Amino acid sequence: MDRYYDHKKIETKWQQLWEKESVFVVQEQTKQKKYYALCMFPYPSAAGLHVGHPESYTAVDIIARYHRHLGYNVLNPIGWDAFGLPAENYAIKVGVPPWETTAKSIDNFRRQIKSFGFSYDWSREISTADPNYYRWTQWLFLQMYKHGLAYKKKGKVNWCEHCQTVLANEQVINGQCERCQNEVRQKDLEQWFFKITDYAEELLSGLDMLDWPENIKLAQKNWIGKSVGAEIEFKIKNSVLSIKVFTTRPDTLYGATYIVLAPEHELIQSLESKIENKTEVNQYITATKKKSDLERISLNKEKTGVKLQGLKAINPANNKEIPVFIADYVLNTYGTGAIMAVPAHDERDWEFAKKYNLEIIQVIKPNSHKSTDLKNIQLYTAEGVLINSGEFNGLDSETAKQKITKKVNGKITTQYRLRDWLVSRQRYWGAPIPIIYCDDCGMMPVPEKDLPVLLPRDVDFKPTGQSPLVYSKIFHQVQCPKCGVSGQSVRREVDTMDTFVCSSWYFLRYCDPHNEQQAFSQEKVAYWLPVDLYIGGAEHAVLHLLYARFFTKALRDFGWLKISEPFLRLRNQGMILGEDNQKMSKSRGNVINPDEVVAEYGADTMRIYEMFMGPLEDTKPWSTSSIIGSRRFLEKLWLVVLEWLENNRPSVESKEMKKLVQQTIKKVSEDIVAIKFNTAISALMILVNFMAKEKSFSQESLHNLLVILNPFAPHITEELWQKIGNKDLLVTQPWPTWDKNLVQADSVTVAIQVNGKLRGSIEVSIDAKQSEVLSLAREQESIKKYISGKKVVKEIYVPGKIVNIVVID
RNA sequence: GCCGGGAUGGCGGAAUUGGCAGACGCGUUGGACUUAAAAUCCAAUGAGAGCAAUCUCGUGGGAGUUCGAUUCUCCCUCCCGGCACCA
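Residues numbered from 1 in each chain as written. Chains lettered and ligands numbered in written order. Predicted model: local features only at pLDDT ≥ 70, side-chain atom pairs only at ≥ 80, totals over all residues. Heavy atoms only, no water.

Draft legend 1. Inspection of the overall build of chain A at higher detail. Within chain A one finds 26 helices and 32 strands. Expressed along its principal axes, the backbone C-alpha trace of chain A runs to roughly 105 × 90 × 50 Å. Within the span of chain A, comprising 809 residues, buried residues form 54% of the whole. Of the contacts formed within chain A by residues at least 6 apart in sequence, a portion of 73% connects residues at least 24 apart. In the structure as shown, chain A presents an accessible area of about 36500 Å², 49% of it carried by carbon and sulfur atoms. Computed over 104 positive and 97 negative side-chain charges, the inter-centroid distance for chain A is 3 Å. (Helix = DSSP H or I, 4+ residues; strand = E, 2+ residues; numbered from the N terminus. Buried < 20%, exposed > 50% of the residue type's maximum accessible area, 1.4 Å probe, protein only. Contact = heavy atoms within 4.5 Å. Areas by Shrake-Rupley, 256 points an atom, 1.4 Å probe, with all protein chains shown as cover. Lys, Arg positive; Asp, Glu negative; His and termini not counted. Charge placed at Lys NZ, Arg CZ, Asp CG, Glu CD.)

Draft legend 2. Region of interest: helix H20 (residues 655-673). Between its first and last C-alpha, H20 extends 28 Å over 19 residues, near the 27 Å set by a 1.5 Å rise per residue. Every buried residue of H20 is accounted for by Met657, Leu660, Val661, Gln662, Thr664, Ile665, Val668, Ser669, Asp671 and Ile672. Elements that come into contact with the buried residues of H20 comprise helix H2 (52-69), helix H21 (677-694), helix H22 (699-709) and helix H24 (740-743). Immediately beyond the C-terminal end of H20, within one or two residues, lies isoleucine 675, with a positive phi of roughly 55°. (Expected span 1.5 Å × (residues − 1).)

Draft legend 3. Region of the structure containing helix H11 (residues 347-356). Within H11 the residues assigned to the buried category are Asp349, Trp350, Phe352 and Ala353. Of the residues trailing H11, asparagine 357 is marked for its positive phi of about 60°.

Draft legend 4. The arrangement of the pairing of strand S1 (residues 34-39) in detail. With 6 of its 6 residues buried, S1 lies for the most part within the structure. Side chains Lys34, Tyr36 and Leu38 of S1 all project onto a buried face; the interleaved residues Tyr35, Ala37 and Cys39 project onto the opposite face, where all are buried too. Note on the crossover from S1 through H2 to strand S2 (residues 73-75): the handedness is right-handed. The pairing of S1 with strand S25 (residues 533-536) spans 3 bridges and is classified as parallel. Counted as the bridge partner of alanine 37 is leucine 533 from S25. (Right-handed = clockwise from strand over helix to strand, strands pointing away. Pairing = 2+ DSSP bridges.)

Draft legend 5. Representation of the pattern of salt bridges in the model. The full count for this structure, using the stated rule, is 42 salt bridges. Here glutamate 88 and arginine 427 are joined by a salt bridge, their closest N and O atoms 3.1 Å apart. With glutamate 88 in helix H3 (residues 85-94) and arginine 427 in the loop between strand S20 (424-425) and strand S21 (435-438), this residue pair connects regions lying 339 residues apart in the sequence. Judged by its relative accessible area of 1%, glutamate 88 falls in the buried class. Here the salt bridges share partners, and the residues they tie into one network are Glu202, Arg549, Lys553, Arg556, Asp557 and Glu565. (Salt bridge = Lys/Arg side-chain N within 4 Å of Asp/Glu carboxyl O.)

Draft legend 6. Fine view of the side chain of asparagine 277. Following the sequence through the fold, asparagine 277 ends up in the loop between helix H8 (267-270) and helix H9 (278-290). For asparagine 277, a relative accessible area of 11% corresponds to the buried category. Those residues in contact with asparagine 277, other than ones at most four positions away along the chain, are Val306, Lys307, Leu308 and Gln309.

Draft legend 7. Local environment of the pairing of strand S11 (residues 242-247). With 6 bridges joining them, strand S10 (residues 227-236) and S11 adopt antiparallel strand pairing. Residue pairing for S11: isoleucine 232 is matched across the bridge by valine 245. In sequence, S10 turns back onto S11 through a hairpin of 5 residues, with asparagine 238 there showing a positive phi of about 60°.

Draft legend 8. Representation of the sheet that holds strand S19 (residues 421-422) in the model. Strand order in this open sheet of 4 strands is S6-S5-S9-S19, and the pairing throughout is antiparallel. Of all strands in the sheet, those with a lone pairing partner are strand S6 (165-167) and S19, marking the two edges. Pairing of strand S5 (residues 150-160) with S6 involves 3 bridges; the strand directions are antiparallel. For cysteine 160, the partnering residue across the bridge sits in S6 and is threonine 165.

Draft legend 9. Highlighting the packing of H21 against H22. Where H21 contacts H22, the axes come no closer than 11 Å and their chain directions differ by 150°. When the axes of H21 and H22 are compared, the pair comes out roughly antiparallel. Crossing angle aside, the handedness with which H21 passes H22 is left-handed. Across the interface between the two elements, Leu684, Leu687, Val688 and Met691 from H21 touch Ser701, Leu702, Leu705, Ile708 and Leu709 from H22. (Axes fitted to C-alpha atoms, helices over the stretch in contact; angles between N-to-C directions. Parallel < 35°, antiparallel > 145°, perpendicular 65-115°, else oblique. Left-handed = near helix turned anticlockwise from the far one by under 90°.)

Draft legend 10. Looking closely at the environment of leucine 149. As for its placement among the helices and strands, leucine 149 is situated in the loop between helix H5 (131-146) and S5. Setting aside its immediate chain neighbours within four residues, leucine 149 contacts Met144, Phe193, Phe194, Lys195, Asp198, Tyr199, Ala554 and Phe558.

Draft legend 11. Expanded view of the packing of aromatic side chains. Going through the model one piece at a time under the given rule, you end up with 47 aromatic pairs. Ring geometry for phenylalanine 325 versus phenylalanine 352: centroids 5.3 Å apart, planes at 85°, classification edge-to-face. Here phenylalanine 325, found in strand S14 (residues 321-326), pairs with phenylalanine 352, found in helix H11; they are 27 residues apart in sequence, far enough to count as distant. For phenylalanine 325, a relative accessible area of 3% translates into the label buried. Judged by its relative accessible area of 0%, phenylalanine 352 is buried. When the centroid spacing of 6.4 Å and the interplanar angle of 70° are considered together, the rings of tryptophan 421 and phenylalanine 550 count as edge-to-face. Residue tryptophan 421 is located in strand S19, and its partner phenylalanine 550 is located in helix H16 (residues 544-558); the two are separated by 129 residues in the primary sequence. According to the relative accessible area criterion, tryptophan 421 is buried, its value standing at 0%. Phenylalanine 550 gets classed as buried once you look at its relative accessible area, which sits at 0%. Here the aromatic cluster, defined as three or more aromatic residues joined through ring pairs, consists of Phe141, Tyr145, Trp192, Phe194, Tyr199, Trp421, Phe500, Tyr547, Phe550 and Phe551. (Phe/Tyr/Trp six-rings, centres within 6.5 Å; stacked < 30°, edge-to-face > 60°.)

Draft legend 12. Structural view of unusual backbone geometry. Between leucine 451 and the following residue, proline 452, the backbone shows a cis peptide bond with an omega angle of 0°. The residue proline 452 is located in the loop between strand S22 (442-445) and strand S23 (490-492) in this model. In this chain, leucine 529 is followed by proline 530 through a cis amide linkage whose omega measures 0°. Position of proline 530 among the secondary structure elements: in the loop between helix H15 (522-528) and S25. Its identity is not glycine, yet asparagine 319 carries a phi of approximately 60°, on the positive side. Residue position: asparagine 319 is located in the loop between strand S13 (306-314) and S14. For asparagine 319, a relative accessible area of 58% gives the class exposed. For asparagine 357, which is not glycine, the phi torsion reads 60° and is therefore positive. Note that asparagine 357 resides in the loop between H11 and strand S16 (364-365).

Take a look at the structure:
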């Protein structure tokens, strides 16, 4: 046996063998329990893998391999999220078509990923840009269409001038494009939407049963933004028209002293004849239209608005006439686009009323206040007890909400901030939307038998603000599915789908990747789903993760799935920073290339190092000097086994060794389940260090060590397993169990404190009585000097842990 | 502004959830081996004081609860993330 731990030779050998023998290729086995481990599939970029990729893949691989040892039928797939803007932009930059650049990127990613020895079932590899895949993405679009969940609508949408396309709300971050950080403007366009809002309530309530990080659940909760309130109508004086407002505080209705409409509110047109200051109003509306969302947010430190002169609304609670304003702090897209302003109890209304000198009436007082100082009105936004509210005085807010809403014939309603998902894009590199327009027959879905609608290649794919598909000749050579006419009067939809549509169902396709009749067979999906563990970046909190949940629920309602939630357990990997504690980036020059790390130290070392760096979900800096520690650990293991073989397998084993092996099995098993890989590796290091010191241990102990280390470092353990004479593969060996009695020590060291300060320690048996331990403690030389001549006030003994003697002079 | 997470040696991080703070690893220092270096092995390594045994301080800062606090409560500072005029 080689004294040198030659990682290159070993890793290549086992990777080839696993692949040749299809060790990780799986089929449905009804007799066997299944486990579906999944990492978020990568977006193949020309830059290649960064060190963050293997972090999540290794974590998933450890879990997958662990469950294989436990006897599960484990599905651990991989594929490519291949469509999308960055790939297209890169293609434009280098002047090569995106299908070529993407294919190249995928080849490179595949090579890199394979070098880590992940236990993927490569026979299930998929790419979203493959017609065999996007055919079914299109089919899913048609399902959405058929069930009324896909619709086309004209309206204000987010437009990125730089990317020359519309964007979903989820892709606009602080008024900026998620991809290029350019300002997003509002544009009136006809676009395709998925009706995700139909599922708002279920997307919210479903979160409760998921084992997901709290921050992700919270982000989704905030994004869905549920609020329960009332719709209340305010009649307009001398008009048949009325203004409907939405409020979460109907209990404050008596304090509503004016109404505010969003500048875009449609009622303004109908009321035009009554408005006396039309010019001023129109100016304000035009000015608002010009502002981007970003400006509307950042400039609105100070509120602005215009009073609609000649117009009065009537407060239905007390029939008081109140003025009507338009102001851009009210959003047309939320609620009814109109609010009742209660300046005494709402911060924004307060600010506005102060500025324009409007009436402020206090109608709620805090529960605790006995007297009310009406002269000195202060902003109070919490709930409380009603005052100045006629018959409702003295009621608490909660009760008053119901009663007042009822009195004014209001309606209790629920509002969500979530908007429908805008899925059409005016870009090339995506799945074409399968719709045909015929001048005579109108808009029609492409018949399922005609799928896929192939992405044409006879185009100049540079963005022009219209989809490049407009210019393809081949693409529009199509017959109307209804009247059979072709030519100028029949055209295809030219927009492509948001890549998030492609990634909303890939975990389903993995279950049945080669099905040519269906997107997936219901039986296969029913066997594998839900995903038992899903690991990926936190940046998808409200994007992919929300969309995939929506797809799952929609497909369930279409009858294709039996489950309601796709991912039972989710964990995020933290970002790996550069050595300078900054985000890795080409411009900073702090990027670590995983290829170099694998070449120099080996895949096993890289895997161990990345898992040992710290908790998976934490952000942590890379440290090239620290990798050596993980390498030394594996080298030490290599030499321990080597010497053990050279010394003819010395099998005399100390009691401590026996115990430590048991403790390590326990610790590693528990830590894998809890995804605490850093402490699991620490325990394995302790065991290997001890074996290196003792040099003598049983064959069984070595077997156990190799099995529990295998998920972390699969190549070296497999090699050593073979070297010590095993013929079968280590990956299929059963996971060892631990002996509860052996894990427990029979005697323990108990710390002795005097007045809370550590003054000594004693060795006692695990089941020693309190009185025994205490008298032993008092007799200790180191303790005596602290307690002699003093009065013992109290003695505490925590079994097996600590003694505390409290004394006073 | 609101909500969430966090702050522990020179560095990455442990700590059975109220019980010996600093496991494990990196780094550093000293020693062994070597002509020498690398590698490896052994020892030390939170700070301060002391020849020493020992002692004092110490988990962002300040208070509190407790026999005992990195852990619980309150206040403050800083960092990271989410939402942000959502009525």
